[in-house]
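What follows is the residue order along each chain.
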Amino acid sequence: MSPTTESLATRLRRGRVSARVDATPGRAATWSLVKVAAAVPVVVTVVLAVLIALTKALAGGAFSGLAAQVGAGWLVVNQVPLTVGGVTVGVLPLLPTLLVIWAVAVLTGRAARNVESLHEVASVAGAALAGSLLWTALALAVVADGSAVSSIGQAAPLPAFGYTLLVQGLGVAIGVGRRCLQPLLQVYDFPVADRVGARAGGLAFLGLVAGGALLVTVGLVVKWERVGQLIAGGHSFDGYLGLTVLSALYLPNVVIGAAGISVGATAQAGTASVDALAVHAGAVPPLPILGVLPEESPGPIGLLVFVLPLVVGGLAGWYCRSVDVVQHLRAVGVAAAVCAALMVLGAGLAGGGAGELGRVGVSAPLAGVYCFAWVALAGALVAGAHQLSPSVRRLRSEPDVGFDLDELLADEEFADLEIVDEDDLDQTPNRSESRSGSSDAADDDTAEIAAVDDDSTDDDSTDDDTEVTAELSVTPDDTEDAVSPAPGPERGPGDGPH
């Protein structure tokens, strides 16, 4: 045997090491994307089928047209206007829509947490949107097929796909946003003033919605007798239950409408209109939750409603405080713009047409303009008062004090703006240690192979046979412990492609 001939064990070990060094992590399984695409539509469809079938059974009706009604339910969940009995209904309950947005956000958030790159995050988002759009296409086909035996008319395809993309897109954006935020902040330079202002704007919108919920609660307490009379219009237990459930489904719509009223917009319910200072009577849709609307003008007492946006805008201005007045005002401006955009989106989803009764809800553009004005003006007043405070004047007099909002606000309070999952932090040291150990094992194995090669060139055929016997005596467990996958490039939590 030639002295340069490798032993069998050496060749086997070299092949195993080479295969494991070249191995790369595979992409997420296709089944994971299928689950992201189909989970929410399937669950929503099953729940709708059960609820509609139960309603039909309680009402003593037949189950004909069940498929068309379930398809219409999916369209309603996505805020697609429907035609029922020749009347187009555009104002649809917002509570189911919010639940679907939450479910999509949770599902896509969990799926995006297990991927390694922004390309794979985009695959998760695309799968979720594609599944919902496909379900909308099926719902449109089922509703069109059942329109002959049902009072539900066929919806327009283009608005149906547009509303589905909007609703599902909100859930996807919330779900994968946390995963994409950190890589985007590393690639693009977003000033902390803008980041703090955006966060303050979101909190300001939540504050206005909380104030709207407070106004609705006060209205329910004051107008409880009127609400009870509207519920009594059901004439039976099934009717009472149906009107109560329907009012609960429309509760978020009324809350957002109350928030719009608090900033100065006018809410319209049928032919009646309500704002903070005046009430114009008219025909109101027979929905019990609308009983909270005032029947008489509140007069000067209505001015108390404006305390809500004033306080919210002031808190937003204080949240954006800085020694540098320019950066402070910039953050306040961003907060006002974000709050106004969210108000326009919420008012647009919460309102719509109610057939012959007219429109229900507040004017979205007008509510957005008023919201921007309140937050910007109140925040600017707080910024001016903050600049005149003795503590800020003392800091300004010190020569070494920086006036950059990036330096003043980039502290622990805003550290969570750079999204890092705690689970990833807990697993990173272990992963590093594991990869370090694997690297050491691979290096040792490579050194061993080199030593074996050197020996094989010096020994004769008898020594080669002895070496083969010694190598083959190694147990599989020992071999597996000695050979580990080569480490890949280290990734921090939330890292994306460079």
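Once a new chain begins, its residue numbering starts again from 1 and follows that chain's sequence as written. It should be noted that, the model being predicted, local features are given only for residues of pLDDT at least 70 and side-chain atom pairs only at 80 or more, the latter also being counted only at that level, while totals for whole chains, interfaces and linings use all residues. Note that the side-chain values use all heavy atoms of the structure and ignore hydrogens as well as water.

Draft legend 1. Representation of a nonpolar patch on the surface in the model. In this analysis, a patch consists of residues with relative accessible area above 30% that form no salt bridge, clustered at 9 Å for like charges and at 5 Å for the nonpolar side chains Val, Leu, Ile, Met, Phe, Trp and Tyr. In these tables, accessible area is a Shrake-Rupley quantity obtained with a 1.4 Å probe, and a residue counts as shielded only by the protein chains included in the view. Note on definitions: salt bridges are taken to be side-chain nitrogens of Lys or Arg within 4 Å of carboxyl oxygens of Asp or Glu. The grouping of Ile-301, Leu-304, Val-307, Val-311 and Leu-315 at the surface amounts to a nonpolar patch, some 500 Å² of accessible area in total. When you line up the elements, Ile-301 lands in the loop between β5 (279–280) and α11 (307–319). Secondary structure elements are defined from DSSP: runs of H or I of at least 4 residues count as helices, runs of E of at least 2 residues count as strands, and each element is numbered from the N terminus.

Draft legend 2. Structural context of unusual backbone geometry. For Gln-79, which is not glycine, the phi dihedral falls at a positive 65 degrees. Note on placement: Gln-79 falls in the loop between α3 (66–77) and β1 (82–84).

Draft legend 3. Molecular detail of the confidence of the model for the chain. Of the residues in the chain, 74% reach a pLDDT of 70 or more, and the chain-wide mean stands at 76. What pLDDT conveys is the predictor's confidence in a given residue, as a value from 0 to 100. Contacts between residues were defined by any pair of non-hydrogen atoms, one from each residue, lying within 4.5 Å. Long-range and interchain partners of residues 24–28, a stretch whose pLDDT sits below 50, account for three contacts in this model, where long-range means more than four residues apart. Of the regions scoring below 50 in pLDDT, residues 401–498 engages in 117 contacts with residues more than four places distant in sequence or in other chains.

Draft legend 4. A look at the layout of surface pockets. Each cavity reported here is a set of points on a 1 Å grid over the protein atoms alone in which a 1.4 Å probe fits but cannot get out, each pocket an open set with protein on both sides within 12 Å along at least five of seven lines, and each lining residue one with an atom within 4 Å of a point. Grid points are joined across faces, edges and corners, and a volume is the space filled by probe spheres set on the points. The volume enclosed by the second largest pocket comes to roughly 1,400 Å³. Lining of the second largest pocket is provided by 33 residues; of these, Ile-174, Gly-202, Leu-206, Val-338 and Leu-342 occupy positions nearest its centre. Mapped onto the lining of the second largest pocket, the elements with two or more residues apiece are α4 (95–112), α6 (157–187), α7 (192–222), α10 (251–262) and α12 (325–350). Per-class residue counts for the lining of the second largest pocket are 25 nonpolar, three polar and five charged. Residue ranges labeled as domains rest on an automatic or database domain assignment. When we break the lining of the second largest pocket down by domain, the ones giving at least three residues each are domain 1 (29–189) and domain 2 (194–398). Throughout, the ten residues Ala, Val, Leu, Ile, Met, Phe, Trp, Tyr, Cys and Pro are labelled nonpolar, Asp, Glu, Lys and Arg are labelled charged, and all others, Gly among them, are labelled polar.

Draft legend 5. The arrangement of helix α2 (residues 30–59) in detail. For a helix, the expected span equals 1.5 Å multiplied by the residue count minus one. Here α2 spans 43 Å end to end across 30 residues, near enough to the 44 Å set by a 1.5 Å rise per residue. Along α2, the helix axis deviates most sharply at Ala-38, where the bend reaches about 40 degrees; the proline Pro-41 sits within four residues downstream. When accessible area is computed with a 1.4 Å probe and restricted to protein chains, residues below 20% of their type maximum are described as buried, those above 50% as exposed, and intermediate ones as partly exposed. What α2 keeps buried is the set Val-36, Ala-37, Val-40, Pro-41, Val-44, Thr-45, Leu-48, Ile-52 and Lys-56. Here the bend at a residue means the angle between the axes of two seven-residue stretches, the one that ends at it and the one that starts at it.

Draft legend 6. Just helix α9 (residues 237–249), in detail. When the terminal C-alpha atoms of α9 are compared, their 18 Å separation across 13 residues agrees well with the 18 Å that a helix rising 1.5 Å per residue should span. Among the residues making up α9, those that are buried are Gly-239, Leu-243 and Ser-247. Angularly, the buried residues of α9 cover 65 degrees about the axis, an arc narrow enough to put them on a single face. In this structure, the buried side of α9 is in contact with α8 (224–231) and α10. As used here, the arc belongs to the directions running from the helix axis to the C-beta atoms.

Draft legend 7. Quick peek at the nonpolar core. For our purposes a nonpolar core is just a set of buried Ala, Val, Leu, Ile, Met, Phe, Trp, Tyr and Cys residues, chained together by side-chain atoms within 4.5 Å. Formed by 35 residues in total, the largest nonpolar core has its most connected members in Leu-208, Val-254, Ile-289, Leu-290, Cys-339 and Met-343. Contributions of two or more residues to this core are made by α7, α10, β3 (267–269), α11, α12, β7 (359–362) and α13 (364–387). With near-sequence residues (within four places) excluded, Leu-208 lies in contact with Ala-259, Val-263, Leu-308, Pro-309, Val-312, Cys-339, Met-343 and Cys-371.

Draft legend 8. Spotlight on the sheet that holds strand β6 (residues 352–353). When DSSP locates at least two bridges between a pair of strands, those strands are taken to pair. A sheet is described by the order of its strands in space; here five strands give the open sequence β5-β4-β3-β7-β6, paired in antiparallel fashion. Each having just a single partner strand, β5 and β6 make up the two edges of the open sheet. Here strand β4 (residues 272–274) pairs with β5 via two bridges, running antiparallel. Note that in β5 the partner of Val-274 across the bridge is Val-279.

Draft legend 9. Spatial organisation of the environment of Ile-256. Inspection of the secondary structure puts Ile-256 in helix α10. Beyond its immediate chain neighbours, meaning those up to four positions away, Ile-256 contacts Leu-94, Gly-346, Ala-347 and Ala-350.

Draft legend 10. Up close: the pairing of β7. Alignment of β3 against β7, held across three bridges, turns out to be antiparallel. Bridging from a neighbouring strand, Gln-268 pairs with Gly-361 of β7. Summarising the sheet, β6 and β7 pair through two bridges and their orientation is antiparallel. Counterpart to Gly-352 in the pairing with β7 is Val-360. Connecting β6 to the antiparallel partner β7 that follows it, the hairpin turn spans five residues, and Gly-355 within it adopts a positive phi of roughly 70 degrees.

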